[in-house]
Amino acid sequence: MLTPEERAEIEAEFPHYPNRKAVCIDAMKIVQKHRGWLSDDALKDIGELLGMSVADLDGVATFYNLLFRRPVGRHVIYLCDSVSCWIMDGERQCSHLKERLGVEAGETTADGRFTLLPVVCLGACDRAPVMMIDDDTHFDLTPERIDQILERYP
Amino acid sequence: MNMATVYVDNRAYEMDEKQNLLEGCLRLGMDLPYFCWHPAMGSVGACRQCAVKQFRDEKDERGRIVMACMTPAAAGTRISIRDPEAVEFRKAVIEGLMLNHPHDCPVCDEGGECHLQDMTVMTGHDYRRYTFEKRTFRNQYLGPFLNHEMNRCIQCYRCVRFYREYAGGNDLNAFALRNIVFFGRDRDGVLENEFAGNLVEVCPTGVFTDATLKRHYTRKWDMEMAPSVCVHCGLGCNITAAGRYGTLRRLVNRYNGEVNGYFLCDRGRFGYEFVNSERRIRQPLIEGKAVSAEAALARLGELTSGRVIGVGSPRATLESNFALRAMVGADRFFAGISGTEARLLKLMLEVLRGPARTPSLREIEASDAVFILGEDVTNVAPRMALSLRQSVRQQPMEIAERLHIPVWMDHAVREAVQEKKGPLFTASVSATRLDDIAAGTYRGAPDDLARLGFAVAHALNSEAPAPAGLPESARDFVKEAAEALKAAKRPLIVSGASLASAAIIEAAANVAWALAGSMLAFTATESNSMGLAMMEAPALDAAQAAHADTIIILENDLFRRLPEAEQFLERFRHVVVVDYLENATTAKAELVLPAAPFAEADGTLVNSEGRAQRFFQALPPPAPVKESWRWLGSWDKLDDIVEALARAIPPLAAVTRAAPPASFRMSGAKVPRQPHRYSGRTAMLANISVHEPKPPADPDSPLAFSMEGNPDQPPGALQPFFWTPGWNSIQAVNKFQEEIAGPLRGGDPGVRILEAGEGTPRFFEDIPAAFEPRAEEWLVVPLHHIFGSEELSRHAPAVSQLAPPPYIALNPEDAARFGDEAEMLGQRFPLKRLAELPRGVAGVPAGVPPFAGLEFPMWSRILQAP
Amino acid sequence: MPEDRPLTGNMRPDGEALDRAAYERVGGYKGLRKALGGMTPAAVIDEVKASNLRGRGGAGFSTGLKWSFVPATAPHPRYVVANGDEMEPGTFKDRLLVERDPHQLVEGMILAGYATGSDTGYIFLRGEYKLGARRVARALAEAYEAGYLGKDILHSGYSFEIHLHLSAGRYMCGEETGMLNALEGKRANPRAKPPFPPVSGLFGMPTTINNVETLCNVPHIIRNGAAWFQGLSRSKDGGTKLYGASGKVKRPGLWELPMGTTIREILEEHAGGMRDGVRFRGLLPGGASTDFLVEEHLDTPMDFSEVQKAGSRMGTGTMIILDDQTCPVGMVSNLEHFFAQESCGWCTPCWSGLGWVERILKGMEEGRGQPGDLEKLAFQTRFWAPGHTFCALAPGAAEPLQSALKYFRAEFEQHINEKRCPWK
Ligand SMILES: Cc1cc2nc3c(=O)[nH]c(=O)nc-3n(C[C@H](O)[C@H](O)[C@H](O)COP(=O)(O)O)c2cc1C
Ligand code: SF4
Ligand code: FES
């Protein structure tokens, strides 16, 4: 069941689109914001409100990058793996993060604190390498800076 | 059709300018490979396989690659199929499609009839250059009909386009993206859509394959095939029945432009296994003991020397019914159906001889406003529901037309049209599987549905009588439905007898007649209901009164017809049954004669459109099994009995034209049932005898049980399979059509023997009173189930898995006083709560014992289960 | 306002966004007032046409012409969509515009709406642009409050709504028809053209799609006139352009400069030249999907036609610089990995070919290159030519690869022959 809060937020999107199905991406984002990820039950709940099947929603969810069909950690690290960051030694930052967190890309740390995800160019190529943790973007990464930044995400 | 001159490799051809270049080329017999395009589903330009070079004009030598399926066949278009760059491109597309393909053709069910194989050979891609690991998927359990082998997928998107966009399903989808798109369900489970089986043919490779075939797998080239007709409802979809070693191995669609087109329903496709059932009767039986054919015939002679009556069947052919009628005499021949059903059939027949034309499924697809009165079409005449699903696309298509989007540009049309649908109105006792596309739905007890129908008729034409005191809730529906029908160019009314209500049929007739030019389609529940009705025999009630010692029952289980079958049979000293499956009636018979079911028989059926269609033996019936008409009469050949019945029964006079006669030859030769690659002919029976037996003769048809014969295309009615050089899959049908997705060469099979009459009809005046629920009783109506309601397919294991157990359905408010079970007719049943069922009405599954054979509608008490 | 930098000249040095009042103080919404106050929609289109504003999303299509494609008799509602997806690697210009001056975009959209007779606008923004999203949302609220949006804008009788949509993330959402599907809540596969969006677009209705930077230019054109706009430029294409440089240059960054500024000037004067110890090898002039240019092209003016003459595309105008300490094969491998990841999976040459190319390049980098690999790569680039695929993603993927095979062939061969990456 959608929480009243989730439901209200989704319904607030209805007037922005001529039909309910069009709201599905926003709806999934809203529920993900509250629950961290989109479980089968979450899709079922959304589907009931929008008149869509789980398969309808899952077809959409699995297309996109930022919709998670598996649980993620408390914080999601999006590390840019595109060209400008790569030129600026992005791979080293990636190895450092993997080592530091003890995970491979796409995995969540054992303590559930971080999920490490590679992501396409974050549009800050002049300050490469770049990563985003949750909603914050961090620029000019070095292993030392990464260590400091991680501290801020308990 | 407007033809345009199009130049292909510098030669001028005529193409239909409304079509695309791929259709144009295929129609002209050219070999141009494709995957994502489908003749019934149009173009989406995904696979890029149909690439050709297009040139601006004669002087343009460079040209550019275009997709033939996405380019209109406009006048003056110049293309090249042979252009080296185009050839190289098509080869590269196949190479790309094959990167991840497992190359498991030898163990793939599709092997030998695979469109991917064909196209691979056609493009000349033959060496593998990809050296990396292939992607692999996990397969899913999709139910008893289909196997899933995703590694074979080439991502053409046909499956989801068919399943979702064409058939309206929503539990199959494409997941993820790039080169790992997964086509399946969100989790394992039975596919919900009733047309899922078509994926076997829609999928151009072996991702979705026939799970029932797997249990007795045979390659296409090793099957003996014949043109046949589905026996699982009244629509008469055309099928190819295929067998080997005396068992029926599978059915596939047999294209008939006017009837089923490219698609079947799952009941039709997978119900065939009753033919191989353990309950088949393979020997004559006297008092339950197997006897020789001679002994059986001798006994038949004895039993028929006295007073005899015959009981025919709506699931038996015209020939078999006629043979029985001829044997016992027309006045002692009874239609094997209840009085109610007979009256309803007669009524429908009369109505259809009135001014409203009964449409083919193709015409149904093209209708632009639909009013369905009383029928749950998906569960009664399933394939018609698929056509109705397309009909709602007709009106919105005008949007696309206005934007100059050709109809075949499938996604562009859908994007322009969005969710807009043409008007389709459903009025039924409970929810139906077409409600999702309906502009309006109405629920009511049968009498209330009839009243609604009368009201719509009156709204269209004030001369039609109006029901008094229509409830408020119906008024908007009536107004909207009437307006939509009136505004339409090709309005259609669909109704039928599945609620056993004459008033509904009369109301439907009034609607059709109230609006000049509308079409009227009635469903029929059995394969020859209409044919039997045309024989105009009295019903079983009349047989009750007949005095006879012996009753001969033809392919009929009277326990599914009469509540008091037992008592009825007891009135006869001798009971003779001719049938192919053991049932309660054969259990009561003194003499049982083993009849041949459709796959082992020849005969003619009349579908609900009034189209007489001939089917032929796919397998020689294993002696002593033979067609019922052979047991009952002394005709040597099918043609003789067809002629006799055509002469004896004037409305059936035209059935001789349903298919060419047995004497038909092509260049002096018969039509082979076995493909030219049929293997093991000499070895098949070597364990019994090393001498190859003579192939069975077939005096009844121009078909031969052999691979010898004329390999050319016979007329459609005789076409045993679709196969041409280079086109081993069923997609070869392109080569057999006059037009792509148009009629088969020489015309679509079958002959219409029911046409609308002239003159102005007299409206039916008998409007029933509004339904009044009763205090302690419920009006019990049959609820039809695609899987479970029909007699024969119930014996196919895959279908029976999906058949519902018996239940009682009630409106939740009515059900409030009961628990999970309730008692009716002295038995307990699970209680199903159906929100849409009207109060005071109870539903039970039609055809599911113990409800099979009850007279509907009936009033019954329902009690708290103790 | 610094007259020569209309897009960025007014931005606050502290990195905050201009609010409505600040925006109005530097002339904001004057263009809108002018248009609604007396220009017909056709006159707005004519002005934009005359300005030679060409689309900044990469393809450089004339904006005025695009607007004129919505038939006057077309049904309503009509839509305007601002393409702020910006997922092209190496591109970081629209982010600045939405974060620092969101009202400029809003005004541009309203003008586009007015010109095309549209009813509703969507700002389709990259999902990761959280700061930008907050600021745009705020600007929209302010614009509604001030009567620039909503019913009867400035009592002109014209009404227009704008909604913000945050992407769920896919490069294909930037492809304009993929974006329409995304806005409809569907998988972002592209659509067939024709019909083009002005005829049948979002929800089947006439739709105009423009890049964020394109739209941001419009208020200035309407306010100051086409001639002024043309005058900002050093080339036939009107206006200024946001040029960027990333990679191992001294001062990576983004600058608003006259259209037609040469690559050398951008690289040497604005980006400060290469970092110490590295040498210039080549560059992608406008994002991942453009052909490499090399030393000999440095004096090419950055505008749509000149860069094309040099054998590449200006694309988004944000250059990615390759230096001699960086492996060109590795760079191409990174790029093709991106394209392969983002292929929508619709058409065969793309989904299948990219997966193959990605593996070949990765193999080469890891010392598993094979003789014949270069021919396979070259063939795939031809296989992805425009028109061969359903949309422009795969043709875009072909560009860096085909040009790398031309300019860095020796390095590719070295990888294969030595069975290793010489830079590792
Ligand atoms: C794969 C692909 C991705 C694209 N991504 C973007 C994008 O992120 N932003 C953008 O403005 N245009 C992008 N485009 C170009 C758009 O399709 C479209 O041409 C552009 O938004 C039109 O705006 P303009 O005329 O103002 O340039 C992309 C094109 C392709 C083929
Ligand atoms: S080129 Fe084809 S597969 Fe690639 S993104 Fe475009 S449509 Fe999708
Ligand atoms: S059949 Fe033409 S692109 Fe697939």
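The structure displayed is predicted, hence computed values, not measured ones. (Residues numbered from 1 in each chain as written. Chains lettered and ligands numbered in written order. Predicted model: local features only at pLDDT ≥ 70, side-chain atom pairs only at ≥ 80, totals over all residues. Heavy atoms only, no water.)

Further remarks concern the overall build of chain A. From N to C terminus, chain A includes seven helices and four strands. Moving toward the C terminus, one meets the helices and strands of chain A in the order α-α-α-α-β-α-α-β-β-β-α. For chain A, the spread of C-alpha atoms along the principal axes amounts to about 50 × 30 × 25 Å. By the burial criterion, 56% of the 154 residues in chain A qualify as buried. Counted over contacts in chain A with a minimum sequence separation of 6, partners at least 24 positions apart contribute 61%. Roughly 6,400 Å² of accessible area belongs to chain A as shown, and the carbon and sulfur atoms make up 49% of that amount. (Helix = DSSP H or I, 4+ residues; strand = E, 2+ residues; numbered from the N terminus. Buried < 20%, exposed > 50% of the residue type's maximum accessible area, 1.4 Å probe, protein only. Contact = heavy atoms within 4.5 Å. Areas by Shrake-Rupley, 256 points an atom, 1.4 Å probe, with all protein chains shown as cover.)

Glancing now at the site of ligand 1. Residues and elements named next belong to chain C. Ligand 1 sits among 18 residues. The nearest are G57, K66, N83, N211 and T214. Contact between ligand 1 and N83: an oxygen atom at 2.8 Å from a side-chain N or O atom of the residue. Considering ligand 1 on its own, with 610 Å² of exposed area, one finds that the protein chains cover 89% of that surface. Sorting elements by how many residues they give to the shell around ligand 1 places strand β4 (residues 207–211) first, with three residues. Residue classes in the shell around ligand 1 are distributed as five nonpolar, seven polar and six charged. (Near = heavy atom within 4 Å. Polar contact = N/O pair within 3.5 Å; in protein donor to acceptor, adjacent residues only side chain to side chain. Nonpolar A, V, L, I, M, F, W, Y, C, P; charged D, E, K, R; others polar.)

Moving on to the domain arrangement of chain B. Residue and element names in this part refer to chain B. For chain B, the assigned domains read domain 1 (3–97), domain 2 (105–276), domain 3 (357–517) and domain 4 (777–864). Here the C-alpha centre of domain 2 lies 27 Å away from the C-alpha centre of domain 1. With 20 residues of domain 1 at the interface, the matching set in domain 2 holds 19 residues. Together, the buried faces of domain 1 and domain 2 total about 1,900 Å²; carbon and sulfur atoms form 69% of this surface. Three residues stand out in domain 1 for area buried against domain 2, namely F35, M41 and E95, and they jointly supply 34% of the buried area on that side. Taken together, the links from domain 1 to domain 2 amount to one salt bridge. For R129, the salt bridge identified is with E95, shortest N-O distance 2.8 Å. Scanning the region where domain 1 abuts domain 2 turns up six residue pairs in polar contact (both at pLDDT 80 or more). (Domains from an automatic or database assignment. Buried area = accessible area lost by both parts, 1.4 Å probe. Salt bridge = Lys/Arg side-chain N within 4 Å of Asp/Glu carboxyl O.)

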